[in-house]
Amino acid sequence: MRTYSVLLFAVALLFFISCKNKQAGNTEEQVVPKAAVSVTQARNGNIEDLVSLNGRTVIFKKNQVIAPISGYLTAVHIQFGDWVEAGKVLFEIQTREDRALEQTGGSSQFGKIKVTATTTGIVNEPLLLGAGAFVTEGNPLCSIADTKDLQVLVNVPFEYHNLIKPGGKCTLQLPDQSTGAGTVLSVRPFVEQSSQTQEVLVKPSGNHNWPENMNLIVTFLKEENKTALLLPKKALLTNETQDEFWVMKIVDDSIAIKIPVTTGIKSDSLVEIISSVLTTDDLIILEGGYGFEDSSFVNIIRKP
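Being a predicted model, the structure only gives us computed values, none of them experimental.

### As for the overall build of the protein chain
In step 1: Counting its secondary structure elements, the protein chain contains two helices and 21 strands.
In step 2: For the protein chain, contacts bridging at least 24 residues in sequence account for 71% of all contacts bridging at least 6.
In step 3: Here the protein chain displays about 18700 Å² of accessible surface, and carbon together with sulfur accounts for 52% of that area.

Now the structure itself:
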């Protein structure tokens, strides 16, 4: 009888241990791993769709300085690349007769003249003549580029011909990263055959001592929405063909659900959401949500 009781106790103990192990196994099976994610929130704000094109500075108005009389250059007061103001003395010329008279010990104040700049600008051609050279009447002495006429030439693809019109505004970015404003002066009425682009001339705002043939970036505003619902681009997910878009929204603090969205304007870092049920209070996965299935469990490690 005693042996039977011991055997019964052993069987009961084994059964109890087996149940405990089974319960522990079931508990382990119910533990769902959570992916670590960071989240963000949509906001209302302004977004722009911009078109940036390459341009270069041009100066079409160049004033040629010529010798008003025949004679000898006795002084040259400028160099190639100098900035000159209107009225500045550029050259001094002595007539042949006055030179001969001077060599005999005489001279006349009427035998020497000063040639001045008729416009403000930059001496844009190398000087071929120096002091002592003989010039004839009408001989070209130099050329001055009128910087007040400085413009920016942009070759614009014809697809944007409805966007860029005379009087339109744009932004100019120089190689040193400084920026300025500009206004479209004219659109040339022809298309370059090989590139299918139109020449557009832009006038920079204000007066600038910019060199000719300087490359810069001209940016035109294509579209703008000042009351858009915006999300960081990194929060937007898409399929391989990029014809469907969605975001992963957090509900109940730990579940990510798939929310289809329709997008609008896109900038370098932001995207406009124009069709969805999102609000600015929703938490949206910013990083760590790639490849998630709908209703995935997540662990939020960083909030906005």
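### A look at the sheet that holds strand β5 (residues 83-84)
In step 1: Here four strands make up an open sheet; going across it, the order is β3-β10-β8-β5 and the pairing antiparallel. Where the open sheet ends on each side, the last strands, each with one partner, are β3 (62-66) and β5.
In step 2: In this structure, β3 lies alongside strand β10 (residues 140-145), joined through five bridges in antiparallel fashion. Bridge pairing in β10 links K62 to A145.

### Description of the packing of aromatic side chains
Working definition: an aromatic ring pair is given by the centre-to-centre distance plus the angle between the planes.
In step 1: Scanning the model with the defined rule gives one aromatic pair in all.
In step 2: With 5.0 Å between their ring centres and 65° between their planes, Y72 and F134 make a pair best called edge-to-face. Within this pair, whereas Y72 is found in strand β4 (residues 71-76), its partner F134 is found in strand β9 (residues 134-135), the two being separated by 62 residues in sequence.
In step 3: Geometry around Y72 places R99 over its ring, the cationic atom sitting 4.2 Å from the centre.
In step 4: Across the ring face of F245, the terminal group of K266 is positioned such that the distance to the ring centre comes to 5.2 Å.

### Examining the sheet that holds strand β7 (residues 112-116)
In step 1: Here four strands make up an open sheet; going across it, the order is β7-β6-β4-β9 and the pairing antiparallel. The sheet is open, and its two edges are formed by β7 and β9, each paired on a single side.
In step 2: As paired elements, β4 and β9 share two bridges and run antiparallel to each other. Within the sheet, the bridge partner assigned to G71 lies in β9 and is V135.

### Notes on the pattern of salt bridges
In step 1: Within this structure, the stated rule accounts for six salt bridges.
In step 2: Among the salt bridges present, the one from K61 reaches D146, with a minimum N-O distance of 3.7 Å. Here K61, found in the loop between β2 (43-59) and β3, pairs with D146, found in the loop between β10 and β11 (150-157); they are 85 residues apart in sequence, far enough to count as distant.
In step 3: Taking the relative accessible area as the measure of exposure, K61 reaches 44% and is therefore partly exposed.
In step 4: Ionic pairing is found between D98 and K112, a salt bridge with its closest N-O pair at 3.1 Å. Of the two residues, D98 is situated in helix α2 (residues 96-103) and K112 in strand β7; the sequence distance between them amounts to 14 residues.
In step 5: The class of K112 is partly exposed, set by a relative accessible area of 38%.

### With respect to the nonpolar core
In step 1: Ranked by size, the top nonpolar core spans 21 residues in total, and within it V202, V218 and F220 carry the most contacts.
In step 2: For this core, the element with the most residues is β11, which contributes four residues.
In step 3: Sequence-distant contacts of V218, that is, excluding residues within four places in its chain, are made with V51, S52, L53, G55, V152, V154, C170, T171 and L172.
In step 4: By size, the runner-up hydrophobic cluster in this structure holds 16 residues, among which are L90, F91, A133 and I144.

### Let's talk about the layout of surface pockets
In step 1: Approximately 170 Å³ is the volume attributed to the largest pocket.
In step 2: Lining the largest pocket we find L237, T238, W246, K258, G289, Y290, G291 and F292.
In step 3: Taken together, the residues that form the lining of the largest pocket break down as four nonpolar, three polar and one charged.

### As for the side chain of D49
In step 1: Tracing the backbone through its elements, the reader meets D49 in strand β2.
In step 2: Among buried charged residues, D49 stands out as having no salt bridge; its nearest opposite-charge side chain is K222, 4.2 Å away.
In step 3: Residues contacting D49, with those up to four places away along its chain left out, are F220, L221, K222, E223, I265 and K266.

### As for the environment of V184
In step 1: Note that V184 resides in strand β13 (residues 179-187).
In step 2: Since its relative accessible area comes to 3%, V184 is described here as buried.
In step 3: The spatial distance from the C-alpha of V184 to the C-alpha of L153 is 10.0 Å, given a sequence separation of 31 residues.

### Brief notes about the environment of G264
In step 1: Mapped onto the elements, G264 comes out in strand β18 (residues 255-266).
In step 2: We classify G264 as partly exposed; its relative accessible area is 30%.
In step 3: For the pair G264 and S275, spaced eleven residues apart in sequence, the C-alpha separation works out to 8.9 Å.
In step 4: In this structure G264 touches E272 and I274, once residues within four positions along its chain are discounted.

The rules we used
Residues numbered from 1 in each chain as written. Predicted model: local features only at pLDDT ≥ 70, side-chain atom pairs only at ≥ 80, totals over all residues. Heavy atoms only, no water. Helix = DSSP H or I, 4+ residues; strand = E, 2+ residues; numbered from the N terminus. Contact = heavy atoms within 4.5 Å. Areas by Shrake-Rupley, 256 points an atom, 1.4 Å probe, with all protein chains shown as cover. Pairing = 2+ DSSP bridges. Phe/Tyr/Trp six-rings, centres within 6.5 Å; stacked < 30°, edge-to-face > 60°. Lys NZ or Arg CZ within 6 Å of the ring centre and 35° of its normal. Salt bridge = Lys/Arg side-chain N within 4 Å of Asp/Glu carboxyl O. Buried < 20%, exposed > 50% of the residue type's maximum accessible area, 1.4 Å probe, protein only. Core = buried A, V, L, I, M, F, W, Y, C linked by side-chain atoms within 4.5 Å. 1 Å grid on protein atoms, 1.4 Å probe; cavity = no way out; pocket = protein on both sides within 12 Å on 5 of 7 lines; lining within 4 Å. Points joined across faces, edges and corners; volume = space filled by probe spheres on them. Nonpolar A, V, L, I, M, F, W, Y, C, P; charged D, E, K, R; others polar. Lys, Arg positive; Asp, Glu negative; His and termini not counted.

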